Amino acid sequence: MAALAQSEPAVASLGARDLGDLVDVLIGTSPAAWRVGRGCEERERAAALFRLMLRAGHIHPLIPRALVQALVPGLVGVGRRLAWGKGGEWESQGAFTVDAITTAWEVVDGWCGQDRAYAVLDVLSAIRCRLRRRVGRHLGMQRKERLATVDDLPAEPVANAASDAEELARAIDREARQLDRTDADVLYAHRVLGYSLSELSESTGRSRRSLAARRDRAVAVLLA
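Parameters and conventions
- Residues numbered from 1 in each chain as written.
- Predicted model: local features only at pLDDT ≥ 70, side-chain atom pairs only at ≥ 80, totals over all residues.
- Heavy atoms only, no water.
- Salt bridge = Lys/Arg side-chain N within 4 Å of Asp/Glu carboxyl O.
- Helix = DSSP H or I, 4+ residues; strand = E, 2+ residues; numbered from the N terminus.
- Buried < 20%, exposed > 50% of the residue type's maximum accessible area, 1.4 Å probe, protein only.
- Axes fitted to C-alpha atoms, helices over the stretch in contact; angles between N-to-C directions.
- Parallel < 35°, antiparallel > 145°, perpendicular 65-115°, else oblique.
- Left-handed = near helix turned anticlockwise from the far one by under 90°.
- Contact = heavy atoms within 4.5 Å.
- Nonpolar A, V, L, I, M, F, W, Y, C, P; charged D, E, K, R; others polar.
- Phe/Tyr/Trp six-rings, centres within 6.5 Å; stacked < 30°, edge-to-face > 60°.
- Lys NZ or Arg CZ within 6 Å of the ring centre and 35° of its normal.
- Core = buried A, V, L, I, M, F, W, Y, C linked by side-chain atoms within 4.5 Å.
- Expected span 1.5 Å × (residues − 1).
- Bend = angle between axes of the 7 residues up to and from the residue.

How should the pattern of salt bridges be read in this particular structure?
Note on pairing: side chains with opposite charge can pair once their charged atoms come close. This structure, assessed with the given rule, holds 11 salt bridges. Between Arg55 and Asp115 there is a salt bridge; the shortest N-O distance is 3.3 Å. One end of the pair, Arg55, is in helix α4 (residues 39-55); the other, Asp115, is in the loop between α6 (93-111) and α7 (119-152), with 60 residues separating them in the sequence. You can call Arg55 partly exposed: its relative accessible area is 27%. Between Asp180 and Arg214 there is a salt bridge, with its nearest N and O atoms 3.2 Å apart. One end of the pair, Asp180, is in the loop between α8 (164-174) and α9 (181-192); the other, Arg214, is in helix α11 (residues 208-223), and 34 residues separate them in sequence. Judged by its relative accessible area of 19%, Arg214 is buried. Linked through salt bridges whose partners overlap, the residues forming this network are Glu8, Arg51, Arg55 and Asp115.

The structure is reproduced here in structure tokens:
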């Protein structure tokens, strides 16, 4: 706290006793005796404090530790937006939360020393994007595993032609180099695995409109 206050005079002016007090300011539970404001004003000043602490985070290892602790309520929002990793590699909400906190540490530690105008929003956005990519990668791996399973099946007699879904799966695999990977994953999950756009939206955190656009883009590539 002393090192931080010396580096950032605005922090010293709060009158907080230690980093724990600053965490209380950041999450909106500071005592009335040294509360930085109320309502919208308090949120704005808390965001400004987060920016200052991130900017000075390289001066002491406990500063990024305090920032990660203050991010925990925000990580709950990230978890909800990503349906707690549904469709990804996590077996439970708790497992997802552990990885969310780890990801928060990686982002904060990597960004310490940077001055970002919207620091807290940038950090939460980076965490959400990294976790969302992991969900997407897992869905892609599942798709490849299913394709491998289909390709390992013995060839059927010509009289029993492969289903439309199998034909589409093979077409996606055949044109893998031409397709955007995420577009291909969306098309595969929707048309081959039978997930609705609503289900995919819930599991990936993407809007139905963006998923439909990716699906249609993949179809256009296959038909070109």
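Explain the packing of helix α5 (residues 62-81) against α6 here, please?
Relative placement of two packed helices is described by the angle separating their axes and the distance separating the axes. It is at 9 Å that the axes of α5 and α6 come closest, and there the two elements cross at 135 degrees. Here α5 lies oblique to α6, going by the angle between them. For the crossing formed where α5 meets α6, the hand is right-handed. Together, Pro64, Arg65, Leu67, Val68, Leu71, Leu75 and Gly79 of α5 and Phe96, Ala100, Ile101, Ala104, Trp105 and Val108 of α6 make up the contact between the two elements. For the contact of α5 with α6, the class distribution of residues is 11 nonpolar, one polar and one charged.

Looking at this structure, I do not really get the packing of aromatic side chains. What am I missing?
Centre distance and the angle of the planes are the two values used to describe a pair of aromatic rings. Summed over the entire model, instances satisfying the criterion amount to two aromatic pairs. Arranged with centres 6.0 Å apart and planes meeting at 85 degrees, the rings of Trp84 and Phe96 form a pair that is edge-to-face. With a gap of 12 residues between them, Trp84 in the loop between α5 and α6 and Phe96 in helix α6 connect regions that are remote in the sequence. Relative accessible area serves as the criterion here: at 22%, Trp84 is assigned to the partly exposed category. Ring centres of Trp90 and Phe96 lie 5.0 Å apart, and the angle between their planes is 80 degrees; this geometry places the pair in the edge-to-face category. For the pair Trp90 and Phe96, a shared accessibility class is recorded, and that class is buried. A connected cluster of aromatic rings, assembled from ring pairs, spans Trp84, Trp90 and Phe96. The residue whose ring lies beneath Arg116 is Trp111, and the NZ or CZ to ring-centre distance is 3.7 Å.

Is there a simple way to think about the nonpolar core in this case?
Soluble globular proteins: nonpolar side chains tend toward being buried together. Within the largest apolar cluster, 38 residues are counted, with the highest numbers of intra-cluster contacts made by Met53, Val123 and Ile127. Within the residue set of this core, elements represented by two or more residues are α3 (19-27), α4, α5, α6 and α7. Of the residues forming this core, the biggest block, eight residues, is contributed by α5. Other than its neighbours up to four places away in sequence, Ile127 contacts Leu71, Leu75, Ala100, Thr103, Ala104 and Val107. Counting residues in each nonpolar core, the second largest holds nine residues, with Ile172, Leu187, Tyr188 and Val192 among its members.

Please clarify how the environment of Ala104 should be interpreted in this entry.
For Ala104, the location among the structural elements is in helix α6. Judged by relative accessible area, which is 0%, Ala104 ranks as buried. When the C-alpha positions of Ala104 and Ala126 are compared, they lie 8.6 Å apart, and in sequence the two are 22 residues distant. Among all residues touching Ala104, those that are not within four sequence positions of it are Val68, Leu71, Leu75 and Ile127.

What is the right way to look at α5 in this model?
Since the α-helix turns once every 3.6 residues, residues separated by three or four places project in the same direction. Across its 20 residues, α5 extends 29 Å between first and last C-alpha, which sits within 8% of the 28 Å expected from 1.5 Å per residue. Along α5, the sharpest kink reaches roughly 45 degrees, centred on Pro73. For α5, every residue scored as buried is listed here: Ile63, Pro64, Ala66, Leu67, Val68, Ala70, Leu71, Leu75, Val78 and Gly79. The positive-phi residue at the C-terminal boundary of α5 is Ala83, with phi of around 55 degrees.

I would appreciate a short explanation of unusual backbone geometry in the present structure.
Leave glycine aside and you will find that most residues have negative phi; peptide bonds, for their part, are mostly trans. The phi angle at Ala83 is positive, at roughly 55 degrees, despite the residue not being glycine. Backbone geometry at Trp84 places phi at a positive 55 degrees, although glycine is not the residue there.

The values reported here are purely geometric and, on their own, carry no functional implication.
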